[in-house]
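# Survey of secondary and tertiary structure
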Amino acid sequence: MSESEVRAAVERELPGVRADLERLVRIPGIAFEGFDHSHVEGSAEAVAELVRGCGLDVKIVRSGGQPAVIGRKAALPGAPTVLLYAHHDVQPVGDLTLWESDPFEPVERDGRLYGRGAADDKAGIMAHVAALRAYGDALPVGVVLFVEGEEEYGSDSLERLLAEHRDEIASDVIVIADSTNWDIGVPALTTSLRGIVNCFVEVRTLDHAVHSGVYGGPVPDALTALARLLATLHTEAGDVAVDGLVAREGASVDYPEDRFRAEAGLAEGVSLIGTGRITERLWTKPALAVLGIDAPSTAEAPNALVPAARAKLSVRLAPGDDPKRAYAALRAHLEKHAPWGARVTVVFEHDGAPCVIDASGPMFDAARSAFRTAWDGTDPVDLGIGGSIPFIATFQEMFPRAAILVTGVEDPQARAHGPNESLHLGEFARVCLAEALLLKKVAEAGVDGR
Ligand code: BES
Ligand code: MN
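Residues numbered from 1 in each chain as written. Chains lettered and ligands numbered in written order. Predicted model: local features only at pLDDT ≥ 70, side-chain atom pairs only at ≥ 80, totals over all residues. Heavy atoms only, no water.

Looking at an unreviewed UniProt entry, one finds the protein named Dipeptidase and attributed to Micromonospora reichwaldensis.

This is the structure we're talking about:
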């Protein structure tokens, strides 16, 4: 198919793709513990049906976790095989009162489609489907569609699934549609992602709660002790103060402070913390946040000294850091800084590896050219991402020769994981076209183009 035929074919498919995206958004498939997993099963089945409709051989697989969908269509002799990744599970919706419309009833407002998963990552699935539908029987490459069902819950069984199906998924190019573009109208290729370590830290100062008037003064309460411990985690300037974490120099992308403040929704007058360029602080330096605290709620707190308090910490790791080593460094810091001899216990939750992608070579050229065409001449930006997709490192180890293209449907207003998540429909049309063009250009580059 010529470029203009591909363009027309994608155009033709978009209404159906949009309708199927809405069908997927209506399925509340959340892989987190405590949620009704029958919906994840239902969403795997819905995805399997869509993929079957594209003429692929499809099966639903699992390895102790949530169901993933694998669809395959063999390459013609000499043509490369492309693995297309997305995930069909979504984040929980959180406080429903913060949503302007039902998270599982997709609605369009001002050119955006609102709903949980409308962007992250059901639109990623549908971008793959759009490209496949555009070609029909004339697909120029072999494809392996891999849609997992527990990405938002840490992809615990993904490594096993990949190992068990290694030969079926082996490919020359891997497209991971789970990231973001740089801005509306500006595409991007993601070339580095941070890693992550989450843990709990408990501080105990007393065997049991005691009267705050009778004992207060000499006895430290656990919540104050925890606050002092947490205060040691950053320097005065706001850099992470834990020794032993990797920090690297950033890319040259300019992220103007005004734009960053607006996109983050930073309250008026609040300083940015840390040092170095904004992109460095976001992409190539570690970040540490307190995600939650277990302590008496203010509504129920009696006049008593709190005996124990717990915080959940999350560290984002620079590309090049090692999650196990980073956890050891954090744990050592917490134990060493126990205030007033308080008993500090650190419990690991989960981690994920960072990664860096060498985005050079014919497949990356093919991708950049496809993006440029789909965005009417605008070149894609090479981005780092502060978030994590830990299994990219696994793909790199398993398929060291494959080119890994990290693309995505999000834009800075997508609010993935938050209330009122949405997809920019105009950008989504470009993403679908870019992916269809990418398959054509990858086929032209050939198997030796890796
Ligand atoms: N799609 C995100 C990662 C991402 C975020 C890419 C923003 C581009 C822009 C992914 O689904 C995600 O949220 N990952 C988790 C990883 C965790 C569950 C191990 C994250 O970063 O918190
Ligand atoms: Mn995602």
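Still more ground to cover, so stick around.
### Thoughts on the environment of proline 187
Counted only if it meets this: Elements are defined by DSSP. Helices are runs of H or I of four residues or more, strands are runs of E of two residues or more, and each kind is numbered from the N terminus. A contact between two residues is defined here by any heavy atoms of the two lying within 4.5 Å.
Here proline 187 lies in the loop between β7 (173–180) and β8 (188–193). If we ignore the near neighbours within four places in the chain, the residues touching proline 187 are Asn181, Trp182, Phe371, Trp375, Thr378, Asp379, Pro380 and Val381.

### Regarding the site of ligand 1
Our working definition: For this purpose, a residue is taken to be near a molecule or strand whenever a single non-hydrogen atom of the residue falls within 4 Å of it. Within 3.5 Å is the distance limit for a polar contact, defined as a pair of N or O atoms, with the added protein rule that one can donate a hydrogen and the other accept it, and that residues adjacent in sequence qualify only through two side-chain atoms. In this classification, Asp, Glu, Lys and Arg are treated as charged, Ala, Val, Leu, Ile, Met, Phe, Trp, Tyr, Cys and Pro as nonpolar, and every other residue, Gly included, as polar.
Contacts to ligand 1 come from 15 residues, most closely from Glu151, Asp178, Arg316, Ser388 and His417. A distance of 2.9 Å separates a nitrogen atom of ligand 1 from a polar atom in the backbone of aspartate 178. In this structure, an oxygen atom belonging to ligand 1 sits 2.8 Å away from a side-chain N or O atom of arginine 316. Of all the elements, β7 adds the most residues to the shell around ligand 1, at three residues. Here the shell around ligand 1 is composed, by residue class, of three nonpolar, seven polar and five charged.

### A short note on the sheet that holds strand β5 (residues 112–114)
Quick reminder of the rule: One bridge is not enough; two strands pair if DSSP finds at least two bridges between them. Fitting a line to C-alpha atoms yields each axis, with helices limited to the stretch in contact; the angle taken between N-to-C directions then spans 0 to 180 degrees.
Reading across the sheet, the three strands line up as β4-β5-β18 and stay open at both edges, with antiparallel pairing between neighbours. Pairing within the sheet leaves two strands with one partner each, and these edge strands are β4 (107–109) and β18 (422–424). Going across the sheet, the axis of each strand differs from the next one's by a mean of 30°, ignoring polarity. In this sheet, β18 lies alongside β5 in antiparallel orientation, the contact comprising three bridges. Paired with arginine 112 across the bridge in β18 is histidine 424. Helix α13 (residues 425–445) contacts β4, β5 and β18 of the sheet and is inclined by roughly 65° relative to β18.

### Thoughts on the packing of helix α3 (residues 122–135) against α13
Threshold: Any angle from 65 to 115 degrees is called roughly perpendicular, while one under 35 is roughly parallel, one over 145 is roughly antiparallel, and all others are oblique. Here a crossing is called left-handed whenever its near helix is offset anticlockwise from the far helix by less than a right angle, and right-handed whenever the offset is clockwise.
Close contact between α3 and α13 brings their axes to 8 Å; oriented N to C, the two are set at 50°. The orientation of α3 with respect to α13, classified from their angle, is oblique. Relative to α13, α3 is oriented so that their crossing is right-handed. Of α13, the residues touching α3 (which contributes Ala123, Met126, Ala127, His128, Ala130, Ala131 and Tyr135) are Phe428, Val431, Cys432, Glu435, Ala436, Leu437, Leu439 and Lys440. Here the contact of α3 with α13 is composed, by residue class, of 12 nonpolar, one polar and two charged.

### Description of the coordination of the manganese ion (ligand 2)
Selection criterion: Donor atoms: N, O and S within 2.8 Å of the metal, or within 3.2 Å for Na, K and Ca. Because water is excluded, sites can look incomplete. The cut-offs for exposure are 20% and 50% of the maximum accessible area for each residue type, with area from a 1.4 Å probe on protein chains only; residues under the lower value are buried, those over the upper are exposed, and the others partly exposed.
Here the manganese ion (ligand 2) is held by His87 (NE2), Asp120 (OD) and Asp178 (OD), and the distances to it run 2.0 to 2.3 Å. Read in sequence order, the donor residues for the manganese ion (ligand 2) give the motif H-x32-D-x57-D. Of this pair, histidine 87 sits in strand β3 (residues 81–87) while aspartate 120 sits in the loop between β5 and α3, placing them 33 residues apart in sequence. The exposure class of histidine 87 is buried, given its relative accessible area of 0%. What makes aspartate 120 buried here is its relative accessible area of 5%.

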